[in-house]
Amino acid sequence: MKLAAAMDAFDSLMPYLLHLVLLYISAGLFYFLYKHKSSGGGGGATPNLPPGKNGLPYIGETLDFVLASRRGTPEKFVTDRTTKYSPDVFRTSLLGEDMAVFCGAAGNKFLFSGQNKYVTSWWPDSIKKALMDPSSVDNSSKEESTKLRACLPPFLKPESLQHFIPVMDIMAKERLNQHWSPYNEVQVFPLSKKYTFALACRLFMSVTDDSEIENFAKPFALATAGLMSVPIDLPGTTFNRAVKAGRLIRQRLLALITKKKNETLEKGKTVASDLVDCMLMDGMTEVEIGNKIVGSSLPAMTQQVLPSLSLLAIFRIILKYITGSLKAGEPLRWEDIQKMKYTWCVACEVMRLAPPANGSFREAITDFAYAGYTIPKGWKAFWMVHTTHKNPKYFPDQERFDPSRFEGNGPTPYSFVPFGGGPRMCPGKEYARLEILTFIHNLLTTFKWVKLNPSEKISYIPSPIPKEGLPIKIQPLLN
């Protein structure tokens, strides 16, 4: 009996022992490949690579970047290296890839304008494996991005966006009434995040049922949490949870898209009512649409722009907020939104201090030179908001909250990049602007409040997340 019990215990441990053995062997292989790669590995002239270091084998400096982000100071990862190596570009290794981080407004401009000439879009394995269908992960990021952008513009052009405002306005009023008004204290972050996600589900997929939205929201949160993790797919890791969650999202999306496709064929529908309809009518397959929705559209549109906005904007410079002649409860119109210029300056200053995303990746499609250094073909490039947003060269007194920075001509071109820039500017920028302004208007005409913890810390995982959910005490405004 004791022998049998011991054998059972050994059998239960076998998978973990195998994982450890494989991890040990893999680490050794990665180390030798790393040394070979770092030393040039193929003879010939050694290129003048950007200064920097690769860090640990395979892991590189990923942990340093993640830890700085979790501490709420992702810009420190950048400033430590620009001070030590170069203010223009430095070398690192993130997510298992050799990477050149381009710095400053000039670096941003170079990458944005060099699309398809020097670089192309690239997604880390952690993103592709967590969010994309395994059968299509070999498709190029350039092809995926091109298809998505071809479909998004009609859906996000001004004529279409004008029709979104009543929906955004009604949903903001409903959410505030249902989830804020009954309470004296609320957590701003999770509530604004739920509104953002529910709105995207409504406009992109015509999903309005709260339980169905929650069926997407829970696994989506797990999937996005693993986007910047080291892609080691072992039980219990963040990446493993992200992969499982992504698989569940795709299954549910596929069922939804198939249902919408059948309804479209049965009814002979010719006018798209949401983004999924648009893609179906464009001839995309169900799998392709699922990849676009979960891999690009939802992350781009729900990347916690509203939650990051909630961190600062609604607590600073509020007395200067201008609502015009509108009163609480009155419906918003396109014309009203266009008048909220100062409010948008407030939102931009928030996104400067607490950007909704860290940046984006590219892949070098040829050897090219930048700032006197050679970027080899196949290397990955990374532009980061943190190289400019808190850089005193572009924003003097960089920690001070000052929306007037965005009045008049605004900041130096390519220094304020929460939505990217150039031809690769996020196509959802205007959508985000409408969503933010609509929510702020409804919030400020409904409540007054007090922040319960003025010194609450913020982590970036990978977007800004307040440690306590941003608790506030609210009181209805008297009309």
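Criteria and cut-off values
- Residues numbered from 1 in each chain as written.
- Predicted model: local features only at pLDDT ≥ 70, side-chain atom pairs only at ≥ 80, totals over all residues.
- Heavy atoms only, no water.
- Pairing = 2+ DSSP bridges.
- Helix = DSSP H or I, 4+ residues; strand = E, 2+ residues; numbered from the N terminus.
- Axes fitted to C-alpha atoms, helices over the stretch in contact; angles between N-to-C directions.
- Buried < 20%, exposed > 50% of the residue type's maximum accessible area, 1.4 Å probe, protein only.
- Arc of directions from axis to C-beta.
- Left-handed = near helix turned anticlockwise from the far one by under 90°.
- Contact = heavy atoms within 4.5 Å.
- Nonpolar A, V, L, I, M, F, W, Y, C, P; charged D, E, K, R; others polar.

Visitor: Which residues make up the pairing of strand β5 (residues 359–364), and what values do they have?
Guide: In this structure, strand β3 (residues 119–121) lies alongside β5, joined through three bridges in antiparallel fashion. Bridge assignment links T120 to a residue of β5, and that residue is E363. In this structure, β5 lies alongside strand β8 (residues 380–384), joined through five bridges in antiparallel fashion. Bridging across to β8, G359 finds its partner in M384.

Visitor: Requested: an account of the sheet that holds strand β9 (residues 447–451), with residues and values cited.
Guide: Judged by pairing direction, the sheet is antiparallel, and its three strands sit side by side in the order β4-β12-β9 without closing on themselves. Strands at the two margins of the open sheet, each flanked by one partner only, are β4 (185–187) and β9. If you compare each strand with its neighbour and ignore which way they point, the axes differ by 40° on average. When β9 meets strand β12 (residues 471–476), the two strands line up antiparallel, connected through five bridges.

Visitor: How would you sum up helix α3 (residues 74–84)? Please name residues and give values.
Guide: Of the positions making up α3, those classed as buried are P74, E75, F77, V78, R81 and T82. Seen from one end, α3 has its buried residues packed into an arc of 150°, which puts them on one side. In α3, the exposed positions that point more than 90 degrees away from the buried face belong to T83 and K84.

Visitor: Provide a residue-level description of the pairing of strand β2 (residues 97–102), including the pertinent values.
Guide: Regular strands place their side chains on alternate faces of the sheet. The buried fraction of β2 amounts to six of the six residues, a majority that puts the element mostly inside the structure. What you see with β2 is no split at all: E97, M99 and V101 on one side and D98, A100 and F102 on the other are buried throughout. Note: strand β1 (residues 89–94) against β2, six bridges, orientation antiparallel. Paired with F90 across the bridge in β2 is V101. Hairpin connection from β1 to β2: two residues lie between these consecutive antiparallel strands, with L95 at a positive phi of about 55°. Pairing analysis gives four bridges linking β2 to β8, with the strands arranged parallel. Along β8, the bridge assignment pairs V101 with F382.

Visitor: Run through the packing of helix α7 (residues 158–179) against helix α16 (residues 429–444), naming residues and quoting values.
Guide: Taken N-terminus to C-terminus, the directions of α7 and α16 make an angle of 35°; their axes are 9 Å apart at the nearest point. As α7 runs across α16, the sense of the crossing is right-handed. Along its contact with α7, which presents L161, F164, I165, M168, D169, A172, K173 and L176, the element α16 presents E430, Y431, L434, E435, T438, N442 and L443. When the residues that make up the contact of α7 with α16 are grouped by side-chain class, the tally is nine nonpolar, two polar and four charged.

Visitor: Give me unusual backbone geometry: which residues, what numbers.
Guide: Non-glycine residue L95 carries a positive phi angle of around 55°. You can see L95 is positioned in the loop between β1 and β2.

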